[in-house]
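Spelled out, the chains give:
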Amino acid sequence: MTKPAAPKRYLPTSPFKAPVTLPPEQFAVGDRVSHDIYGLGRVIGVENGLAVLVDFTSEQRRVMSPYTKMSKL
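(A) Examining the overall build of the protein more closely. Secondary structure summary: the protein contains 0 helices and 5 strands in total. In sequence order, the secondary structure elements of the protein are arranged as β-β-β-β-β. On C-alpha atoms alone, the protein measures out to a radius of gyration of 17 Å, which is more than a quarter above the 11 Å that the 2.2 N^0.38 rule sets for 73 residues. Its C-alpha atoms give the protein principal-axis dimensions of about 50 × 35 × 20 Å. Summarising the internal contacts of the protein: among those between residues at least 6 apart in sequence, 28% fall at separations of at least 24.

Now the structure itself:
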């Protein structure tokens, strides 16, 4: 098993812009969401930025942070 690669370091003398890291999106109970795999749903539980519990009508799923496949509507 291999270790994941470490992110590349930004050099202050680089002619390129510094990489921008966006904070993970924040969800609240009752938010309507769209997920790339599960479709439309409603947030029914929040676990302090770790995960959210979403009701997708046919099933309930726990979606872990950083919610790359999910967005607010």
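We are not done yet, so read on.
(B) Structural context of the environment of Ile37. Mapped onto the secondary structure, Ile37 falls in the loop between β1 (32-35) and β2 (39-47). As a C-alpha pair, Ile37 and Met70 span 33 residues in sequence and 8.9 Å in three-dimensional space.

Reading the values: rules and limits
Residues numbered from 1 in each chain as written. Predicted model: local features only at pLDDT ≥ 70, side-chain atom pairs only at ≥ 80, totals over all residues. Heavy atoms only, no water. Helix = DSSP H or I, 4+ residues; strand = E, 2+ residues; numbered from the N terminus. Rg over C-alpha atoms; globule rule 2.2 N^0.38 Å. Contact = heavy atoms within 4.5 Å.

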